[in-house]
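For reference, the chains in residue letters:
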Amino acid sequence: MSSLISNTGIRNIAIISHVDHGKTTLVDAMFRQSGLIRAGQEIDDRIMDSLELERERGITIAAKNCAVNWKGTKINIIDTPGHADFGGEVERALAMVDGALLLVDASEGPLPQTRFVLKKTLEAGLKVIVVINKIDRQDARPNEVLNEIYDLFIDLDATEEQLEFPLLYAIGREGIAQKGLEQGGGDLQPLFDTIVEQIPPPSHDPDEPFQMLVADLGYSDYLGRLAIGRVVNGRVRSNDSLACLGALGRQVSLKVSKLQVYEGLNLQETESAEPGDIVVLAGVAAVKIGDTICTHDSPKPLKRIKVEEPTVSMRFTINTSPFAGKEGKYVQASKVGERLFKETLRNVAIQVEDGGDRESFVVKGRGEFQMAILIETMRREGFEFCVGRPEVIYRYRNGETYEPMEHLFVDCNENFLGIVTEKLSSRKGHMINLVNKGSGRVRVEFSIPARALIGYREEFLTDTKGTGIMNCHYAGYDLYRGGFPTRYTGSIVADRQGKAVAYALFNLEPRGQLFIVSGTPVYEGMIVGEHNRENDINVNPCKEKKLTNMRAAGRDENVILAPPRIMTLERAIHFIKEGEIIEVTPKSLRLRKAVLSAKQRHLNAVAEKKAVA
């Protein structure tokens, strides 16, 4: 076997961090200082957050690739998501790189997603550069954070070599990196130089034929399915005839119709690609994550990437309310299904199955936040449909039920610890660690079923008066821990169609919290508020004040209503219980009962009681 040869002109690196630790801002500064953006060129901040939702929410949703040149070396950068629901994107990104830039906030320190991505990085044996960012914060504590990072490395069984990581301090917003806290700095040159010096260049076997591991998928309306991955060995040229090896060794022929590489933010067509480069290859229809693209003559599969299975499902159905078709552009089941299946081509973490009838689909993913992003994207595209409550996906082995678990981290004031622990314990959470450093805040860790966290976040913020921080990451499957109540309140349900009237809403306010304002169109079965008690009540929100010819002082005063609780998509997903669904249109979000008729719901409830008896 011949010795490996390094391609010294390339470095492949992933940038990993917890959400909101300044990753995308740092990448912006790297673009500006590498000469990718010419002086005076007008560009938006957070260039890599190209999706509208990413800009609104300030998070990275999809992993994205780009490339910069520094002193003759091409640096392929993969910007990975920092939210746990998109953790599957991180695993695939790490398969394409030789090192990682771990970004940690100088005040918050390593948080759960930091732990998750670092564990994957260390397991892959990648070189890690640690950057402590935001050292200009008033509450920055870089020395303590560095100790926490060392503790985290040791806790994750890092080797002696991995513990000797290069360390930099940065102010990403100002484009400054420095090797010491007191050194001071004016640009990102220390960061670029460290990447080139410390991250090993990609190596390959010159005697091996072409091999490429498919680490991500894309989709183009013009080119079809796109295979994204790193060239492990050999060279590839446009119009080459190759083979795709699937999971079971099945070989599918393909012709490279278009070959692209990353240049800056954009893809650039190229005639050939060399070992170590990250390429986008068009011309294969039935490719999956982990497949190997190689030559017909020497079909050698590479080690597959394992994509973790989804843990949450939601049912998407057509809109059957009386207002169906009034606000949406695409309302047919075929259009909704076509859009959902198209999503699976772009996002491998999502799976779509037929719902058992022609009007519904079951969508599976990694968390309800990932589902919320998909729903919000579709409604902005003009789709109108209904979605049910998120349900966890159970597994069954040896006659026993297993459910997905989460490792939950809670950071809150000491005086809120009691109520938080009580609520999480009632939801079958087990406390596994408690750290109190005497600062007035405590950090607690729980092992808790994934279903217990659906709908809990808003309750948590109320209990901690908005000061609590809650993060979690997937912790595998464990034995089913039993049932528990998810909501202690009922729903206030409209019993007729019409427009809500201020007089009627004023008289309903003592019954609970309302979701609508005067003048809102309603229909039978639509949920207009949250009842104070556990049972549902049917009300008439359209009832007007009876007019008489009698007048008295103070009789005709204007009705002043309390502000309603406006339902965002995430709030709605967390609020609904069994038998309730959300009507999603481009203009509105309405909560409703799955069965609209109050009479039919009553008959169903009676029949259910008789069946139990």
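Residues numbered from 1 in each chain as written. Predicted model: local features only at pLDDT ≥ 70, side-chain atom pairs only at ≥ 80, totals over all residues. Heavy atoms only, no water.

### Describing the overall build of the protein chain
Keep this limit in mind: Each helix is a run of DSSP H or I of at least 4 residues and each strand a run of E of at least 2, with the numbering of both proceeding from the N terminus. We call a residue buried when its accessible area falls under 20% of the maximum for its residue type, exposed when it is over 50%, and partly exposed in between, using a 1.4 Å probe and counting protein chains only. Contacts between residues were defined by any pair of non-hydrogen atoms, one from each residue, lying within 4.5 Å. Exposure was quantified through the Shrake-Rupley algorithm and a 1.4 Å probe, taking into account, for residues, occlusion by the shown protein chains and nothing else.
From N to C terminus, the protein chain includes 14 helices and 37 strands. Put simply, the protein chain has 613 residues, and 53% of those count as buried. Contacts in the protein chain between residues far apart in sequence, at least 24 positions, make up 71% of those at least 6 positions apart. For the protein chain, the computed accessible surface area is about 28800 Å², with 48% contributed by carbon and sulfur atoms.

### What about unusual backbone geometry?
Positive phi, close to 60 degrees, is recorded for K134, a residue that is not glycine. Residue position: K134 is located in the loop between β6 (127-133) and α5 (142-155). The backbone phi angle of D157 is positive, close to 60 degrees, even though this residue is not glycine. By the element assignment, D157 lies in the loop between α5 and α6 (160-163). Relative accessible area serves as the criterion here: at 67%, D157 is assigned to the exposed category.

### Re the sheet that holds strand β18 (residues 278-282)
To be explicit about the condition: Strands are treated as partners if at least two bridges between them are detected by DSSP. Here the axes come from fitting lines to C-alpha atoms, over the contacting stretch only for helices, and the angles between their N-to-C directions go from 0 to 180 degrees.
Spatial strand order, β14-β13-β19-β10-β11-β18-β15-β16: eight strands in an open sheet with antiparallel pairing. Two strands close off the open sheet at either side, each with one partner strand: β14 (251-255) and β16 (266-269). Direction aside, the axes of adjacent strands within the sheet are offset by 40 degrees on average. The sheet contact formed by strand β15 (residues 258-263) and β18 spans four bridges and is antiparallel. Bridge pairing in β18 places L259 opposite L281.

### Examining the state of the cysteines
Rules: Any cysteine sulfur atom paired with another within 2.5 Å is treated as part of a disulfide.
Within the structure shown, the criterion is met by zero disulfides. C244 carries a free sulfur, and the closest cysteine sulfur to it, the one in C294, is 8.1 Å from it. The class of C244 is buried, set by a relative accessible area of 2%. The exposure class of C294 is buried, given its relative accessible area of 0%.

### Re the nonpolar core
What counts here: The nonpolar core is taken to be a set of buried Ala, Val, Leu, Ile, Met, Phe, Trp, Tyr and Cys residues, with the residues joined through side-chain atoms within 4.5 Å.
Formed by 64 residues in total, the largest nonpolar core has its most connected members in I132, F153 and I293. V363, I375, M567 and I582 belong to the second-largest nonpolar core, a separate cluster that totals 28 residues.

### Re the side chain of K74
Counted only if it meets this: Polar contacts, as counted here, are pairs of nitrogen or oxygen atoms within 3.5 Å of one another; within protein the pair requires one atom able to donate a hydrogen and one able to accept it, and residues that are adjacent in sequence qualify only if both atoms are side-chain atoms.
In this fold, K74 is placed in strand β4 (residues 73-79). Here the side chain of K74 touches D277 through a polar contact of 3.4 Å, side chain to side chain. Other than its neighbours up to four places away in sequence, K74 contacts G9, I10, R11, A67, V68, N69, V261, Y262, E263 and D277.

### Structural notes on the pairing of strand β5 (residues 99-105)
Within β5, seven of the seven residues are buried, leaving the element largely enclosed by the surrounding structure. The two faces of β5 match: G99, L101, L103 and D105 on one face and A100, L102 and V104 on the other face are all buried. Sheet topology places strand β2 (residues 10-17) next to β5; five bridges connect them, and they run parallel. Among the inter-strand pairings, A14 is bridged to a residue of β5, identified as A100. Judged from the seven bridges that link them, β5 and β6 form a sheet pairing that is parallel. Residue L101 lies in a different strand from β6, and its bridge partner there is I129.

### Let's talk about the layout of surface pockets
The condition that has to hold: Whether a set of points on the 1 Å grid over the protein atoms alone is a cavity depends on a 1.4 Å probe fitting there but being unable to get out, while an open set qualifies as a pocket with protein on both sides within 12 Å along at least five of seven lines; lining residues are those with an atom within 4 Å of a point. Grid points are joined across faces, edges and corners, and a volume is the space filled by probe spheres set on the points. Under this grouping Gly is polar, as are all residues other than the nonpolar Ala, Val, Leu, Ile, Met, Phe, Trp, Tyr, Cys and Pro and the charged Asp, Glu, Lys and Arg.
Estimated volume of the largest pocket: approximately 1400 Å³. For the lining of the largest pocket, the secondary-structure elements that each account for two or more residues are β20 (312-317), β22 (360-365), β23 (385-387), β24 (391-392), β35 (537-539), β36 (580-584), β37 (589-593) and α14 (598-612). Residue classes in the lining of the largest pocket are distributed as 18 nonpolar, twelve polar and 14 charged.

### Structural notes on the packing of aromatic side chains
The test is simple: Pairing of aromatic rings covers Phe, Tyr and Trp, the last through its six-membered ring, and needs centres within 6.5 Å; plane angles under 30 degrees mean stacked, over 60 mean edge-to-face, and all others mean tilted. Only when the NZ atom of a Lys or the CZ atom of an Arg is both within 6 Å of the ring centre and within 35 degrees of the ring normal do we say a charge sits over the ring.
The final tally for this structure, using the stated rule, is ten aromatic pairs. Centre to centre, the rings of F153 and F165 are 4.8 Å apart; their planes meet at 35 degrees, and the pair counts as tilted. On the criterion of sequence distance, the pair formed by F153 in helix α5 and F165 in the loop between α6 and β7 (167-171) is long-range, its members being twelve residues apart. Judged on exposure class, the residue F153 and its partner F165 are both buried. Where F316 meets F385, the ring centres are 5.5 Å apart and the plane angle is 20 degrees; that geometry is what we call stacked. Of this pair, F316 sits in strand β20 while F385 sits in strand β23, and the two are 69 residues apart along the sequence. Residue classification places F316 among the buried residues on the basis of a relative accessible area of 0%. Judged by its relative accessible area of 0%, F385 falls in the buried class. In this structure an aromatic cluster arises from ring pairing among Y150, F153 and F165. Directly above the aromatic system of Y477 lies the positively charged group of R395, at a separation of 4.0 Å from the ring centroid.

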